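Summary of structural features
One letter stands for each residue in the lines below.
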Amino acid sequence: MFFVDTLEFEGLGNRSYLVGGPRSAVAVDPPRDVDQVIAAAAKRGVRIAYVAETHVHNDYITGGLELARVTGASYLVPAAAHVSFARTPVADGDTVTVDEGLVLRALATPGHTPHHTSYVLEEDGRGTAAFTGGSLLIGTVGRPDLVEPRLTEELARAQHASAHRLADELDDEVPVLPTHGFGSFCSSSQAEGDATTIGRERTANDALTLDVDTFVAEMLAGLDDVPAYYAHMGPANAAGPAPVDLTPPGRADAGEIAARLAAGEWVVDLRSRTAFAEGHVAGSFNFEGDGKLATYLAWLIPWGKPVTLLADTPERIADAQRELARVGIDRPAAAATGDPAAWIREGERLASFPRARFADLAEVRGRGEEVVVLDVRRDSERAAGHVEGAVHVPVHELYGRLDEVPSGTVWVHCAGGMRAAIAASLLDAAGRAVVAVDDGFDAAREAGLTVTRP
């Protein structure tokens, strides 16, 4: 008998796995904060004998090297991956015995990266689970454009071939257990559901239902923006990430917060967008701790810029620190918790801005008031329809394009409210009059606003 424990990381849209038998296990694509994997193994009462990477990751910092170091496990890394540390190279067909009757077999599945490798767990010689990393995902495959633009089409064709190899070699009932595809930007498209099998993918995945030319053309046409911080993840993983330090950051008082803002550092308020709009430190930015914090903060912040975190509780700071470490934002410069009134110096006042719905925007426009409507969704979202007359600057580009937003009061919206809150905080910090539209985009048409296509 074997077990598979899934570790979910919703903020990044990824999963890691601990799989093994009664005595020992292998960790597949572990997160940087390896204590979670160690705790899962302790709960099972097993030794982590192997750590396996499907590829050099482009979207997060791996914990594989550190986990192998602290547990004494063999570190399995695809042989063709160019890395700067000692590891156990694995090539197509290589096997390791995880526990009695349990074998992990490497299966070359290039496409997401040239060296990408999936792992098939075999129990008594029969495939029982496929750990597909960024190859075959739920209803899609990993994107092929994160390594080198000149290789994109070649890797897209390799993805098609790799998906077919998995389908050809494995039985329909074998579970497909990918690392990406649960909201990750490493996925070439987003699919519904959180579990699948080879048989289900055989009938539902474009890589297995379309001919290669059609598949490649459709996938390349649908690729979305790449988060800017991805450029730093691959090199960090190839070099060998340093151990993570999750000890609490130093406490910042009002004077230090003001000094850090004056120095051009980022002060990030993790509270809800509602609380932030009602009162916040002038110049601070709002990235909700419950949102896709790591993705959007790492995407927007100038790389290496010191960041101070503000939150209701120390627990929120700790959660954010853990999540940010996964994308290479290792140590907050400082942190503060509690009542926002304590984050400003005596004689200063908290800043605020109004929130609204699309119905409020329709009412304002109906009165003939001139306002700027700013759409901060991605290009692919806007292509499906936008509010007539809206200016478009995707939120991940806004920090560097604030001067392109026309003068006047800015009503900023996204698809649901989270990214609009980020954008509103950026505009507010720049001294602009702003209204954050906290509403689902479907409500725009329902409110009577004209929604058009480009």
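Before going into details, it helps to say that this report is about the structure given with it. (Residues numbered from 1 in each chain as written. Predicted model: local features only at pLDDT ≥ 70, side-chain atom pairs only at ≥ 80, totals over all residues. Heavy atoms only, no water.)

On to the sheet that holds strand E14 (residues 307–311), then. With parallel pairing, the four strands of this open sheet are ordered in space as E13-E12-E14-E15. Looking at strand neighbours, the two that pair on one side only are strand E13 (285–286) and strand E15 (334–337), the edges of this open sheet. Here strand E12 (residues 266–269) runs beside E13; their pairing, made up of two bridges, is parallel. From the neighbouring strand, Asp-269 faces E13, where its bridge partner is Asn-286. Along the sheet face, helix H8 (residues 254–262) touches E12, E14 and E15 and points at about 130 degrees away from the line of E15. (Pairing = 2+ DSSP bridges. Helix = DSSP H or I, 4+ residues; strand = E, 2+ residues; numbered from the N terminus. Contact = heavy atoms within 4.5 Å. Axes fitted to C-alpha atoms, helices over the stretch in contact; angles between N-to-C directions.)

With that settled, the discussion passes to the nonpolar core. Counting 52 residues, the largest nonpolar core has Trp-266, Phe-287, Leu-297, Leu-374 and Leu-398 as the members making the most contacts within it. The element that contributes the greatest number of residues to this core is helix H10 (residues 293–300), accounting for seven residues. Sequence-distant contacts of Leu-398, that is, excluding residues within four places in its chain, are made with Leu-374, Val-376, Val-393, Val-405, Ala-423, Leu-426 and Leu-427. Counting 22 residues, the second largest nonpolar core, distinct from the first, contains Leu-7, Val-34, Ala-40 and Ala-81. (Core = buried A, V, L, I, M, F, W, Y, C linked by side-chain atoms within 4.5 Å. Buried < 20%, exposed > 50% of the residue type's maximum accessible area, 1.4 Å probe, protein only.)

With that settled, consider the packing of aromatic side chains. Across all of its chains, the model carries 11 aromatic pairs by this definition. Here the aromatic rings of Phe-358 and Phe-441 are separated by 5.9 Å at their centres, their planes lie at 85 degrees, and the arrangement is edge-to-face. Remark: Phe-441 occurs in the loop between strand E21 (434–437) and helix H16 (442–446) and Phe-358 occurs in helix H12 (residues 358–366); sequence separation between them is 83 residues. Residue Phe-358 is classed as buried on the basis of its relative accessible area of 0%. In this structure, Arg-15 packs its charged tip against the face of Phe-182, placed 3.9 Å from the ring centre. Taking NZ or CZ as reference, Arg-377 lies 4.0 Å from the ring centre of Phe-441, over its face. (Phe/Tyr/Trp six-rings, centres within 6.5 Å; stacked < 30°, edge-to-face > 60°. Lys NZ or Arg CZ within 6 Å of the ring centre and 35° of its normal.)

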